[in-house]
Amino acid sequence: MSVPSRDLPSRVTIYEVGARDGLQNEKALIPTETKAEFVRRLVAAGLPVVEATSFVHPRWVPQLADAAELMSGLTDETSGLGDSARDLPVLVPNERGLDRALELGLRHIAVFGSATETFASKNLNRTLDEQFAMFAPTVERARGSGMDVRAYVSMCFGDPWEGAVPIEQVVDVGRRMLDLGASQLSLGDTIGVGTAGHVTALVEAFVAAGVGVDRLALHFHDTYGQALSNVQAGLRAGITTYDASAGGLGGCPYAESATGNLATEDLVWLLTGLGIEHGVDLASLVATSTWMAEHLGRPSPSAVVRALGGRPADTITP
Ligand code: HMG
Ligand code: MG
């Protein structure tokens, strides 16, 4: 039963990262056409934003080495999504990645920084300060070409090498990412250690630093089972964009303790129960994640996919 809660947003945007964060850590190479089908099915399920892939160095993330092939197939008028596929965001770390995205006429990129020195080095081969030197010309040229730019910050709640990450450090890095010209800042709990009170404190610190909740998104990994509880803290703080990955796929190849992302189905179940609009068709999303789990050869880690996977659509609701 859907029981609307007072004082929560009436609508949220789900930013789907399954095709990127979800697949980037898969060891066995997935055929490009399977990835394209995954993206098309996610769009068809009503997800308003579907991050498709990464224009990173192919040696750093071999699974996504086919980014250009995937995006050119998706923008094909006959077999893909046509011009609308150019609105699917892609990760871009530097100007080389931007060039590759510009060649395809893509309109949305995301740069991704780290709140800690160690992860900046492991994920980007840069110091914390050097990462900004890499992003600045990238964002400037992207904006100058009419692109929208999202910025991620990783390790906002804890870092496997450095431990606790001070809130002021995260706010400082986040402000610097926004000051480059990003329209939205996604705060990543890369290793899933955050808890609800920490979410509240972090969002409050950003607001106190002059960053409105309308510019923030939350990106939870469910490693310690806290993701949905953290979403509720975010909702109470007024955040209306949540990153999630279909079927709970995911992990970061450069942070071994980063396991699955918050499953989109689990998020949809919570939002529906709270009477919060999201626009996603749960039955077709579950069917998509079940199909992808068969391709990957293991069951989905999402509780909702496991519960609903074999059932006829729409017989059970929150
Ligand atoms: P580098 O080795 O320092 O690169 O890597 P470089 O700038 O020294 O360039 C070396 C060579 O790589 C050059 O070629 C470049 O052209 C080439 P050469 O002249 O030697 O022939 N190159 C590229 N080729 C293709 N595409 C590119 C590119 N860039 C350089 N974009 C680099 C630096 C940033 C490239 C590398 O560290 C990298 O690709 N890192 C990506 C790591 C990654 O994708 N991690 C996962 C995503 S982050 C994440 O999952 C967290 C998130 O979900 C939020 C959360 O959960 O917290 C977003
Ligand atoms: Mg992530």
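1. A look at the overall build of the protein
Okay, so step 1: Helix and strand content of the protein: twelve helices and nine strands.
Okay, so step 2: On C-alpha atoms alone, the protein measures out to a radius of gyration of 18 Å, which is about the 20 Å that the 2.2 N^0.38 rule sets for 318 residues.
Okay, so step 3: Taken along the three principal axes of its C-alpha coordinates, the protein extends 50 × 45 × 35 Å.
Okay, so step 4: Buried positions account for 53% of the 318 residues belonging to the protein.
Okay, so step 5: At a minimum sequence separation of 6, the contacts of the protein that also span at least 24 residues come to 73%.
Okay, so step 6: Approximately 12700 Å² of the protein is accessible, and the part contributed by carbon and sulfur atoms is 51%.
Okay, so step 7: Once the 24 positive and 38 negative side-chain charges of the protein are each reduced to a mean point, those two points are 1 Å apart.

2. As for the sheet that holds strand β9 (residues 241–244)
Okay, so step 1: In space, the nine strands of this open sheet follow the order β2-β1-β9-β8-β7-β6-β5-β4-β3, with parallel pairing throughout. Each of the sheet's edge strands pairs with one partner strand only, and the pair in question is β2 (49–50) and β3 (53–54).
Okay, so step 2: Relative to strand β5 (residues 108–114), strand β4 (residues 90–91) runs parallel, the two being bridged by two bridges. When the bridges of β5 are listed, V90 appears paired with I109.
Okay, so step 3: Where helix α8 (residues 196–208) meets the sheet, it contacts β7 (184–189) and β8 (216–220), and its direction lies at approximately 155° from that of β8.
Okay, so step 4: Sheet strands touched by helix α9 (residues 227–236): β7, β8 and β9. Its angle to β8, the strand with the most contacts, is close to 170°.

3. Re the side chain of N230
Okay, so step 1: Following the sequence through the fold, N230 ends up in helix α9.
Okay, so step 2: Side-chain polar atoms of N230 contact the backbone nitrogen of A196, separated by 3.0 Å.
Okay, so step 3: Not counting residues within four places of it along the chain, the set of residues in contact with N230 comprises D189, G194, T195, A196, V199 and F220.

4. Some details on the pairing of β9
Okay, so step 1: Where burial is concerned, the two faces of β9 agree: the one with T241 and D243 and the one with Y242 and A244 are both buried.
Okay, so step 2: As paired strands, strand β1 (residues 13–16) and β9 are joined by four bridges and run parallel to one another. Residue pairing across strands places E16 opposite A244, the latter belonging to β9.
Okay, so step 3: As paired elements, β8 and β9 share two bridges and run parallel to each other.

5. Examining the site of ligand 1
Okay, so step 1: Among the 28 residues in the neighbourhood of ligand 1, the closest are listed as H57, N94, R126, S154 and T190.
Okay, so step 2: Separating a nitrogen atom of ligand 1 from a backbone N or O atom of F55 is a distance of 2.9 Å.
Okay, so step 3: Burial of ligand 1 by the protein chains amounts to 76% of its free accessible area of 1100 Å².
Okay, so step 4: Counting residues per element, the ones that place at least two in the shell around ligand 1 are α1 (18–22), α4 (95–103), α5 (117–124) and β6 (148–154).
Okay, so step 5: The element best represented in the shell around ligand 1 is α4, accounting for three residues.
Okay, so step 6: Looking at side-chain class alone, the shell around ligand 1 contains twelve nonpolar, eleven polar and five charged residues.

6. Regarding the environment of G212
Okay, so step 1: With respect to the helices and strands, G212 occurs in the loop between α8 and β8.
Okay, so step 2: It is 9.3 Å that separates the C-alpha atoms of G212 and I239, two residues lying 27 residues apart in sequence.

7. Describing unusual backbone geometry
Okay, so step 1: The backbone of N125 shows a phi angle near 60°, a positive value even though the residue is not glycine.
Okay, so step 2: With respect to the secondary-structure elements, N125 resides in the loop between α5 and α6 (128–144).
Okay, so step 3: The backbone of M155 sits at a positive phi, close to 60°, despite the residue not being glycine.
Okay, so step 4: Position of M155 relative to the elements: it lies in the loop between β6 and α7 (167–179).

8. Here we look at the packing of aromatic side chains
How two aromatic rings sit relative to each other is set out by the distance from centre to centre and by the angle between their planes.
Okay, so step 1: In total, this model carries three aromatic pairs according to the counting rule given.
Okay, so step 2: Measuring from centroid to centroid gives 6.3 Å for F119 and W161, while their planes differ by 20°, and the two rings are stacked. You can see F119 sitting in helix α5 and its partner W161 sitting in the loop between β6 and α7, a full 42 residues away along the chain.
Okay, so step 3: What makes F119 buried here is its relative accessible area of 2%.
Okay, so step 4: For the ring pair F157 and F220, a centre distance of 6.2 Å and an interplane angle of 55° mean the geometry is tilted. Taken together, the positions of F157 in the loop between β6 and α7 and F220 in strand β8 put the pair 63 residues apart, joining distant regions of the chain.
Okay, so step 5: On the basis of relative accessibility, which here comes to 1%, the residue F220 falls in the buried class.
Okay, so step 6: A cation sits over an aromatic face here: R150 above Y15, 3.4 Å from the ring centre.
Okay, so step 7: We note R150 situated over the ring of Y152; from NZ or CZ to the ring centre the distance is 5.0 Å.

Conventions and cut-offs
- Residues numbered from 1 in each chain as written.
- Chains lettered and ligands numbered in written order.
- Predicted model: local features only at pLDDT ≥ 70, side-chain atom pairs only at ≥ 80, totals over all residues.
- Heavy atoms only, no water.
- Helix = DSSP H or I, 4+ residues; strand = E, 2+ residues; numbered from the N terminus.
- Rg over C-alpha atoms; globule rule 2.2 N^0.38 Å.
- Buried < 20%, exposed > 50% of the residue type's maximum accessible area, 1.4 Å probe, protein only.
- Contact = heavy atoms within 4.5 Å.
- Areas by Shrake-Rupley, 256 points an atom, 1.4 Å probe, with all protein chains shown as cover.
- Lys, Arg positive; Asp, Glu negative; His and termini not counted.
- Charge placed at Lys NZ, Arg CZ, Asp CG, Glu CD.
- Pairing = 2+ DSSP bridges.
- Axes fitted to C-alpha atoms, helices over the stretch in contact; angles between N-to-C directions.
- Polar contact = N/O pair within 3.5 Å; in protein donor to acceptor, adjacent residues only side chain to side chain.
- Near = heavy atom within 4 Å.
- Nonpolar A, V, L, I, M, F, W, Y, C, P; charged D, E, K, R; others polar.
- Phe/Tyr/Trp six-rings, centres within 6.5 Å; stacked < 30°, edge-to-face > 60°.
- Lys NZ or Arg CZ within 6 Å of the ring centre and 35° of its normal.

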